[in-house]
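If you want the building blocks of each chain, they are given just below.
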Amino acid sequence: MSMKDKQIERRTFFRGAAVAAIMIPLSGTLASCATSGGGDSSTGKKSKNNPFGVAANSTTDAVIFKGGYGIAYAQFAGKQVSKLQKGSTVKVTAQTNIAQTLQPRFVAGNPPDVIDNSGANLIGINTIRGQLEDLTDVINADNYEGKKISDTLYAGVTKPGTFDGKFVQLNYVLTVYALWHSESLFKQNGWTVPTTWDEMYELGTKAKAAGKYLFTWGKEAATYYQTLAISSAIKEGGDEVRLALDNLEAGCWSKDAVQQVFTAMKKIIDAGYVKPGGAGTQFTAAQAQWSDDEEAILYPSGSWIENEMKTQTKSGFTMTGTPEPTVTKNSKFPAAALHSTAGEGYIVPSQGKNVAGGKEFLRAMLSKDAAVNFAKSTLSSTIVKDTIPEDGFGSTALVSQVKMLADAGTNVFSWNFVDLYGMNTDQLVVWNTFLSGVPPSPSSRARCRRSPTRCATTTR
């Protein structure tokens, strides 16, 4: 098997006062070819309880991203497989750098049987999608309780993992992206969570007067602020902005809504409302500055944040989420509109030694028992419906997620381009620079002038 470079144009962004425009490096594409010796060489007899034909006494190699959700939930599902498929086992291995660890295995034709392709350094799906199994048969199968899996899932959850009409990535977690805060701290100070960037700036002034910062960040999670910016711009400008960014249209980063958000963020950075030093701080340490030390009062993140920081959150914090702000009160999407999508993407490589086992593992993950276990242990929802009680297992953050989704109604949106092209690693450099308040370099400005169609053209 060979590696073939596929040049993907990635238009650069963040011009002028907002951020230095840069050229994002192009990444290689793994060739979509078969390699001798790969694939599921031995399968068992298919039956109602064994729809994919898992071979007797076989082992499934599962590599799970170890992030905010941990890996205990995957181990739980693995044990379910072992109970139902007698003699079979699931070997669960934790990894924090998926691309660096697993891309060589794809090239060698020896990938794991199932992968949680997540984290800051995930494998860009566009580089491997030709080597992945179609997972339609998984959601068309019955779950461990005897119900058709597709009937038990929230609507639209297969869309983020469908590329060119092929469903290759099962995004397991129903992730809600929001601004998180301590409800008790806000009540104590009489603060209100801002719904616009002007209100955000005003809150920053109040926080500073109280000896606190508005935001903090860590080097590995600097792009959480990119997610915040994109969400805000989409709410302000509507589907026109969302589609332009998701398709990386020429000038997409120059759209008024996008530039207005960048300008508002820069105003906050220039005012000193963002705790300095994040580019040299490990991200969970930075998050603890917010959740435990309360040095900062807001933090943008996905709904994994509560579980990720459960040992570093101040007693009585009452973690609560609210939707991202807009630029104006006349935004295209209402203030309650929400960025939410199915995340934590699971894939089954076609060249895995136990493809049937990889699919059976996903079937176990989609059982009600596994989904309830995940929600209870991580305080986040899966894509399986009816698994969270009204009290959110005692979690204020989980209760707020349910409320945000209900308030948003049909005004829920997302995008795909960052994961599709594996751009996050490159963009971390940009956002660490921006949040540090570093001005554009002469070289980046010159590069922008030489290639104006690849740069944002609006200066604020």
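Reference entry: report on the structure contained in this document. Because the structure is a prediction, the values reported are computed rather than measured.

1. Quick word on empty space enclosed by the protein
Rolled over the atoms, a probe with the dimensions of a water molecule shows which regions are left empty.
(1) Moving on: With the rule as written, the count across this model stands at two cavities of 30 Å³ or more.
(2) Moving on: Volume-wise, the largest cavity comes out at about 50 Å³.
(3) Moving on: Contributing to the lining of the largest cavity are Trp197, Phe215, Tyr225, Leu228, Met265, Ile268, Ile269, Val274 and Leu435.
(4) Moving on: Looking at the lining of the largest cavity, the elements that each hand over two or more residues are helix 7 (224-237) and helix 9 (256-270).
(5) Moving on: In terms of residue count, the dominant contributor to the lining of the largest cavity is helix 9 (three residues).
(6) Moving on: Looking at the lining of the largest cavity, its residues break down into nine nonpolar, no polar and no charged.
(7) Moving on: What the second largest cavity holds in volume is close to 40 Å³.
(8) Moving on: Broken down by secondary-structure element, the contributors of at least two residues to the lining of the second largest cavity are helix 7 and helix 9.
(9) Moving on: In terms of residue class, the lining of the second largest cavity is made up of eight nonpolar, no polar and no charged.

2. A look at the packing of helix 6 (residues 197-209) against helix 9
(1) Moving on: Contact geometry for helix 6 and helix 9: axes closest at 10 Å, N-to-C directions at 5 degrees. Relative to helix 9, helix 6 is oriented roughly parallel. The segment helix 6 lies against helix 9, with Trp197, Met200 and Tyr201 engaging Val261, Ala264, Met265, Lys267 and Ile268.
(2) Moving on: Split into classes, the residues belonging to the contact of helix 6 with helix 9 amount to seven nonpolar, no polar and one charged.

3. Section: the side chain of arginine 363
(1) Moving on: Mapping arginine 363 onto the fold places it in helix 12 (residues 355-365).
(2) Moving on: Polar side-chain contacts of arginine 363 include one of 2.9 Å to the backbone oxygen of aspartate 142.
(3) Moving on: For arginine 363, the side chain forms a polar contact with the side chain of glutamate 360, separated by 3.0 Å.

4. Digging into helix 13 (residues 368-378)
(1) Moving on: Of the positions making up helix 13, those classed as buried are Ala370, Ala371, Phe374, Ala375 and Thr378. For helix 13, the arc enclosing every buried residue in end-on projection is 135 degrees, short of the 170-degree limit, so these residues lie on one face.

5. Some remarks on the nonpolar core
(1) Moving on: Formed by 108 residues in total, the largest nonpolar core has its most connected members in Tyr172, Phe215, Tyr346, Phe361 and Trp431.
(2) Moving on: Counting residues in hydrophobic clusters, the runner-up holds 15 residues, among them Phe65, Ile98, Leu102 and Leu132.

6. Remarks on the pattern of salt bridges
(1) Moving on: Applying the stated criterion to the full structure yields twelve salt bridges.
(2) Moving on: Here lysine 329 and glutamate 199 are joined by a salt bridge, their closest N and O atoms 3.0 Å apart. Placement of lysine 329 in the loop between strand 10 (319-322) and strand 11 (338-347) and of glutamate 199 in helix 6 is noted, with a sequence separation of 130 residues between them.
(3) Moving on: Taking relative accessible area as the criterion, lysine 329 reaches 61% and is therefore assigned exposed.
(4) Moving on: Classification of glutamate 199 by relative accessible area gives partly exposed; the value is 26%.
(5) Moving on: Residue lysine 266 pairs with aspartate 270 through a salt bridge whose shortest N-O separation is 2.6 Å. Note that lysine 266 and aspartate 270 are positioned in helix 9 at a spacing of four residues, about one turn of the helix.
(6) Moving on: In this structure lysine 266 comes out as partly exposed when scored by relative accessible area, which is 25%.
(7) Moving on: On the basis of relative accessible area, aspartate 270 is assigned to the exposed category, the value being 53%.
(8) Moving on: Where salt bridges share partners, they join Glu133, Asp137 and Lys359 into one cluster.

7. Focus on the packing of aromatic side chains
For any pair of aromatic rings, geometry is given as the distance between the ring centres together with the angle between the planes.
(1) Moving on: For the structure on display, the rule yields 19 aromatic pairs.
(2) Moving on: Judged by centre distance (4.9 Å) and plane angle (85 degrees), the ring pair of tyrosine 73 and phenylalanine 374 falls under edge-to-face. Of this pair, tyrosine 73 sits in helix 1 (residues 72-84) while phenylalanine 374 sits in helix 13, and the two are 301 residues apart along the sequence. Judged on exposure class, the residue tyrosine 73 and its partner phenylalanine 374 are both buried.
(3) Moving on: Centre to centre, the rings of phenylalanine 262 and tryptophan 431 are 6.2 Å apart; their planes meet at 65 degrees, and the pair counts as edge-to-face. You can see phenylalanine 262 sitting in helix 9 and its partner tryptophan 431 sitting in helix 16 (residues 424-435), a full 169 residues away along the chain.

8. A short note on the pairing of strand 8 (residues 170-182)
(1) Moving on: Across the 13 residues of strand 8, 13 count as buried, placing the element largely inside the fold.
(2) Moving on: In the sheet, strand 8 pairs with strand 11 via seven bridges, with the strands oriented antiparallel. By the bridge assignment for strand 11, valine 173 is matched with glycine 343.
(3) Moving on: In this structure, strand 8 lies alongside strand 12 (residues 381-382), joined through two bridges in antiparallel fashion. Bridged to valine 173 within strand 12 is threonine 382.
(4) Moving on: Taken together, the four bridges between strand 8 and strand 10 define a ladder with antiparallel strand orientation. Bridge pairing links serine 182 to methionine 319 in strand 10.

Criteria and thresholds
Residues numbered from 1 in each chain as written. Predicted model: local features only at pLDDT ≥ 70, side-chain atom pairs only at ≥ 80, totals over all residues. Heavy atoms only, no water. 1 Å grid on protein atoms, 1.4 Å probe; cavity = no way out; pocket = protein on both sides within 12 Å on 5 of 7 lines; lining within 4 Å. Points joined across faces, edges and corners; volume = space filled by probe spheres on them. Helix = DSSP H or I, 4+ residues; strand = E, 2+ residues; numbered from the N terminus. Nonpolar A, V, L, I, M, F, W, Y, C, P; charged D, E, K, R; others polar. Axes fitted to C-alpha atoms, helices over the stretch in contact; angles between N-to-C directions. Parallel < 35°, antiparallel > 145°, perpendicular 65-115°, else oblique. Contact = heavy atoms within 4.5 Å. Polar contact = N/O pair within 3.5 Å; in protein donor to acceptor, adjacent residues only side chain to side chain. Buried < 20%, exposed > 50% of the residue type's maximum accessible area, 1.4 Å probe, protein only. Arc of directions from axis to C-beta. Core = buried A, V, L, I, M, F, W, Y, C linked by side-chain atoms within 4.5 Å. Salt bridge = Lys/Arg side-chain N within 4 Å of Asp/Glu carboxyl O. Phe/Tyr/Trp six-rings, centres within 6.5 Å; stacked < 30°, edge-to-face > 60°. Pairing = 2+ DSSP bridges.

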